[in-house]
Structure formats: C-alpha cells, structure tokens
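Residues per chain, in single letters:
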Amino acid sequence: MSEPTGLRWLPLSAAVIVLDQVTKKAIVDTFRLYESVEVLPVLDITRLHNTGAAFSMLATASGWQRWLFTALALGVGIAIVIWLGRLKARSQGLLACSLALILGGALGNLIDRLWHGYVIDFIHVHWGDAYFPAFNVADSAITVGAGLLLLDAFLEGRRNRAAAKSSADGNEAAR
C-alpha cells in the first residue's frame, strides 16, 4: 500500500472556504457597505469591498484586474493541488498543511471575485488613526499558510545541513 499524499489535507482547504464564506455572508447580512463596529480599541469590523489584490493593489484599475486575479487564483490552485498530490502526507505534513491553507484562502477569495466582482473584507486592525488594510478569513489562511511554508523551508534547510554534517562526519570516521 502506498503512503497517503498531501491530498489528504484538502479537507482543511474546504474548511477554510466554508468558514470564509460563512463569515462573509454574516457580514453582508449584518452590515451595510462601510458600516463599522468597534470590537476592541485596535479592532473594528467594517464591511468593505476590495476589487484589487492584497492591500487593495490595483483596486482603482478599470476592471481587467478581476480576471487577472481570477486566472492567477485558478493557476495557483491547480498548481497547489498537483503539488499536494506529489507530497508524502506523513513526512511532509507541515508543507502540505501550509499549501492547504493557501489553497483554501485563494479559493475563498476566488469565489467572491466570481460571485460579486470583488472580495468582501471586514477585519480592520488599527492603531489610532493608522489603519492596516482590511482583510478576511481567506486572507488570514493565506498569511498563516505562507508563514508555515517559510517555517517548513527553514526547518528543511536545517535538516539538510544536519544530514550533510552527519554524512561528512561519517565519511571522516570511515577514513
């Protein structure tokens, strides 16, 4: 029997998509556009629509960006699914988890783009009058996934260096 692949992490992607879409629906059903409620002195829930990408990049473009970001999300999504299919679920779990989070986030925002023409953002962090761009559950999953991807690369580099050192020490001892 062959070892399971990283595709066994796809339920995590599905959970991210469901949580993202449920929270966005709750925001749309509860808030008018630009309506805001302070949750903490540094956190507001504010309904915003983002026609651009991260940090509202290209939000003021004429509309072509919707299809660019749609194509990009589809391409990245397909690549991640293929990558997950090639990973070993047990030995590459951190990498598979990170990719599943990124996939779920990308598809959650893709659904918005296709359905509405924009992404619904609502988590609005600020310090005084300095506001961080609003984001959502999908964006959070992408960010956590990217962080885990970097952590996996760091740990893999350390494992490779340790293995190379161990191999070199073994070669020295054999002489």
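Above this text you will find the structure in question.
Residues numbered from 1 in each chain as written. Predicted model: local features only at pLDDT ≥ 70, side-chain atom pairs only at ≥ 80, totals over all residues. Heavy atoms only, no water.

1. Notes on the overall build of the protein chain
Along the protein chain, the regular secondary structure elements total 4 helices and 4 strands. Counting helices and strands in the order they occur from the N terminus, the protein chain gives α-β-β-α-α-β-β-α. Taken across its 175 residues, the protein chain has 35% of its residues classed as buried. Taking as baseline every contact in the protein chain between residues at least 6 positions apart, the subset at least 24 positions apart corresponds to 65%. Total accessible area computed for the protein chain in this model is approximately 10500 Å², and 67% of it derives from carbon and sulfur atoms. (Helix = DSSP H or I, 4+ residues; strand = E, 2+ residues; numbered from the N terminus. Buried < 20%, exposed > 50% of the residue type's maximum accessible area, 1.4 Å probe, protein only. Contact = heavy atoms within 4.5 Å. Areas by Shrake-Rupley, 256 points an atom, 1.4 Å probe, with all protein chains shown as cover.)

2. Focus on the nonpolar core
Of all hydrophobic cores here, the largest spans 9 residues; its members are Ile27, Phe31, Leu43, Ile45, Tyr118, Ile120, Phe122, Ile123 and Val137. Mapped onto this core, the elements with two or more residues apiece are β2 (43-50) and β3 (119-127). The element contributing the most residues to this core is β3, with 3 residues. Those residues in contact with phenylalanine 122 that lie beyond four places of it in its chain are Thr23, Lys24, Ile27, Asp44, Ile45, Thr46, Phe135, Asn136 and Val137. In terms of nonpolar packing, the next biggest core, distinct from the first, is built from 8 residues, Leu84, Leu87, Leu95 and Leu103 among them. (Core = buried A, V, L, I, M, F, W, Y, C linked by side-chain atoms within 4.5 Å.)

3. Description of the packing of helix α1 (residues 10-30) against helix α3 (residues 93-116)
Closest axis-to-axis distance for the α1/α3 pair is 8 Å, and the angle between their directions is 35°. Remark: the crossing between α1 and α3 carries right-handed chirality. The segment α1 lies against α3, with Leu10, Leu12, Ser13, Val16, Ile17, Asp20, Gln21 and Lys24 engaging Cys97, Ala100, Leu101, Leu103, Gly104, Gly105, Leu107, Gly108, Asn109, Ile111 and Asp112. Looking at the contact of α1 with α3 residue by residue, the class counts come to 10 nonpolar, 6 polar and 3 charged. (Axes fitted to C-alpha atoms, helices over the stretch in contact; angles between N-to-C directions. Left-handed = near helix turned anticlockwise from the far one by under 90°. Nonpolar A, V, L, I, M, F, W, Y, C, P; charged D, E, K, R; others polar.)

4. With respect to the pairing of strand β1 (residues 36-40)
The side chains of a regular strand alternate, residue by residue, between the two faces of the sheet. Summarising the sheet, β1 and β2 pair through 4 bridges and their orientation is antiparallel. By the bridge assignment for β2, valine 37 is matched with isoleucine 45. Where β1 folds back onto β2 in an antiparallel hairpin, the turn is made up of 2 residues. (Pairing = 2+ DSSP bridges.)

5. A short note on the packing of aromatic side chains
Under the criterion given, the structure shown has 1 aromatic pair. Considering the side-chain rings of phenylalanine 132 and phenylalanine 135, the 6.2 Å spacing of their centres and the 80° angle between planes classify their relative orientation as edge-to-face. In this structure phenylalanine 132 comes out as partly exposed when scored by relative accessible area, which is 43%. (Phe/Tyr/Trp six-rings, centres within 6.5 Å; stacked < 30°, edge-to-face > 60°.)

6. Things to note about the environment of threonine 23
Mapped onto the fold, threonine 23 is located in helix α1. Sequence-distant contacts of threonine 23, defined by excluding residues within four places in its chain, comprise Phe122 and Val137. Reaching out from threonine 23, the side chain makes a polar contact with the backbone oxygen of aspartate 20 at a distance of 2.9 Å. (Polar contact = N/O pair within 3.5 Å; in protein donor to acceptor, adjacent residues only side chain to side chain.)

7. Description of the sheet that holds strand β4 (residues 130-131)
Across the sheet, 4 strands lie side by side as β1-β2-β3-β4; this open sheet has antiparallel pairing. This sheet does not close on itself; its edge strands, each paired only once, are β1 and β4. Where β2 lies against β3, 6 bridges are found, and the strand directions are antiparallel. Across the sheet, aspartate 44 pairs through a bridge with histidine 124, a residue of β3. Across the sheet, α1 is in contact with β2 and β3; its angle to β3 comes to roughly 85°. On top of the sheet, α3 reaches β2 and β3; it is set at about 125° to β3, its chief contact.

8. Some points on the pattern of salt bridges
The tally for this structure, following the rule as stated, stands at 5 salt bridges. For the salt bridge of lysine 24 with aspartate 112, the shortest nitrogen-to-oxygen distance reads 2.9 Å. Note that lysine 24 is positioned in helix α1 and aspartate 112 in helix α3, a separation of 88 residues in sequence. The salt bridge involving arginine 32 is made with glutamate 35; its shortest N-O contact spans 3.5 Å. What makes arginine 32 exposed here is its relative accessible area of 61%. Note on glutamate 35: relative accessible area 23%, which makes it partly exposed. (Salt bridge = Lys/Arg side-chain N within 4 Å of Asp/Glu carboxyl O.)

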